[in-house]
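# Coordinates in review
Now for the letters of each chain:
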Amino acid sequence: DVLRTVHKNRENGGNFLSIHNTTTNSSPSLLSGSRNNKKKPTFALHVLVQERFAKIISADIAGFQSHIEIKNNNTLSVTVNTMKETTDKWSIPKRARKAFRAGAFEVLFFVGEHGLVTHGANALFNDLSPFEFHGLFAPLLAAMGDADVMEQWLETTDVLAGVDLSNEHQQQRTKVLALTKTIT
C-alpha cells in the first residue's frame, strides 16, 4: 500500500516520493501586503505525518479516557487525562493542538477505542479507506502548517517514535491494558 511504498522509497534513498519539496506557495499576506513563501508539503510528507499521528493516538490516547459524560441529552464530553502530556511529549506545535484533540476524538469515535487498543494504528490503516483516513487527519495536517514545520516535527520526534511506537512496545502495552481491564 501507500505507507509501504513511501517507507520503501525512503529506505532506498529514492527521490520519487521524497518528503522534501522545493515548490513554494506564494500568497499575499492580509496584514502586511507582502508575500508569504511557504513550502508545500509533498504527498510522502503528508503520509508520514498522518502515520505518526495515527500511531500516537493509538498508543497514547486510546485506552486512557478517564471520564465520559452526557450533558443536556445532546452533548458528549470525553475527558482524556493524558491529552496534555501527549501533546507535550510529542512536541505538537501549539497551533495544531486543538486540531490534534479534535482529530483524536474523531478517530476514537470513528474507529473505536477497543480496536485502537487491541490492533494499534493498524485499526486505522486496515479498516479505513484512504478517503476516510485522509478525512480524519486533513484538519490536523492543515493546522501543522507548511512542509518545513512538518519535516522539523518528524525529525524532532523520530527517536521517541522509534522507542514508543515500535511494534514490541505496542504489544506490551496491549497486554498490560488487557490485564488491567481483567483485574478491574
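Here we summarise the structure given alongside this text. (Residues numbered from 1 in each chain as written. Predicted model: local features only at pLDDT ≥ 70, side-chain atom pairs only at ≥ 80, totals over all residues. Heavy atoms only, no water.)

### Let's talk about the overall build of the protein
Rules: Strands are runs of DSSP state E lasting at least 2 residues, helices are runs of H or I lasting at least 4, and numbering of each runs from the N terminus. Think of it in three bands: with a 1.4 Å probe and only protein chains considered, a residue is buried below 20% of the maximum accessible area for its type, exposed above 50%, and partly exposed in between. Contacts were defined at the residue level, with two residues in contact if any of their heavy atoms lie within 4.5 Å. Using the Shrake-Rupley algorithm and a 1.4 Å probe, accessible areas are obtained, with residue cover drawn only from the displayed protein chains.
What the protein contains, in helices and strands, is nine helices and four strands. Secondary structure elements of the protein, listed N to C terminal, follow the sequence α-β-β-α-β-β-α-α-α-α-α-α-α. Buried residues in the protein amount to 40% of all 184 residues. Here the contacts in the protein between residues at least 6 apart in sequence split such that 63% fall between residues at least 24 apart. Summed over all atoms, the accessible surface of the protein reaches about 11,300 Å², with 55% contributed by carbon and sulfur.

### A closer look at the nonpolar core
Counted only if it meets this: Residues belong to a common nonpolar core when they are buried Ala, Val, Leu, Ile, Met, Phe, Trp, Tyr or Cys residues joined through side-chain atoms within 4.5 Å.
Counting residues in each nonpolar core, the largest one holds 40 residues, and the members touching the most others are V49, F53, I61, F100, L124, F137 and W153. When contributions to this core are tallied by element, the ones reaching two or more residues are α2 (43-61), α4 (97-111), α5 (113-119), α6 (122-127), α7 (130-144) and α8 (147-164). Excluding anything up to four places from it in sequence, F137 contacts Q50, F53, A54, I57, V107 and L124.

### As for the packing of aromatic side chains
Applied cut-off: Two aromatic rings from Phe, Tyr or Trp, using only the six-membered ring of Trp, form a pair when their centres are within 6.5 Å; if the ring planes differ by under 30 degrees the pair is stacked, by over 60 it is edge-to-face, and anything between is tilted.
Scanning the model with the defined rule gives five aromatic pairs in all. Look at F53 and F100: their rings are 5.8 Å apart centre to centre, the planes differ by 45°, and that puts the pair in the tilted class. Of this pair, F53 sits in helix α2 while F100 is found in helix α4, placing the two residues 47 residues apart along the sequence. Taking relative accessible area as the criterion, F100 reaches 0% and is therefore assigned buried. Ring geometry for F105 and F109: centres 6.0 Å apart, planes at 20°, overall stacked. Of the two residues, F105 and F109 are both situated in helix α4; the distance of four residues between them amounts to about one turn of the helix. These aromatic residues form a ring-pair network of at least three members: F53, F100 and W153.

### Points about the pairing of strand β3 (residues 65-71)
Condition: At least two DSSP bridges between two strands are required for those strands to pair.
Here β3 pairs with strand β4 (residues 75-80) via six bridges, running antiparallel. Among the inter-strand pairings, I70 is bridged to a residue of β4, identified as L76. Counting the residues that bridge the hairpin from β3 to β4 gives three residues, and of these N72 lies at a positive phi of roughly 55°.

### Re a nonpolar patch on the surface
Rule in force here: Here the term patch refers to residues with relative accessible area over 30% and no salt bridge, with like charges joined within 9 Å and nonpolar side chains (Val, Leu, Ile, Met, Phe, Trp, Tyr) within 5 Å. We define a salt bridge as a contact between a side-chain nitrogen of Lys or Arg and a carboxyl oxygen of Asp or Glu at a distance within 4 Å.
A grouping of I68, I70, L76, F105 and F109 is seen on the molecular surface, where their side chains present a nonpolar patch of about 530 Å² in accessible area. For the nonpolar patch, the secondary-structure elements that each account for two or more residues are β3 and α4. Take I68: it is sitting in strand β3.

### Here we look at unusual backbone geometry
In the Ramachandran plot, N73 falls in the positive-phi region, its phi being about 65° despite a non-glycine side chain. Take N73: it is sitting in the loop between β3 and β4. Here S91, not a glycine, exhibits a phi torsion of approximately 50°, which is positive. With respect to the secondary-structure elements, S91 resides in the loop between α3 (83-89) and α4. Given a relative accessible area of 36%, S91 falls into the partly exposed group.

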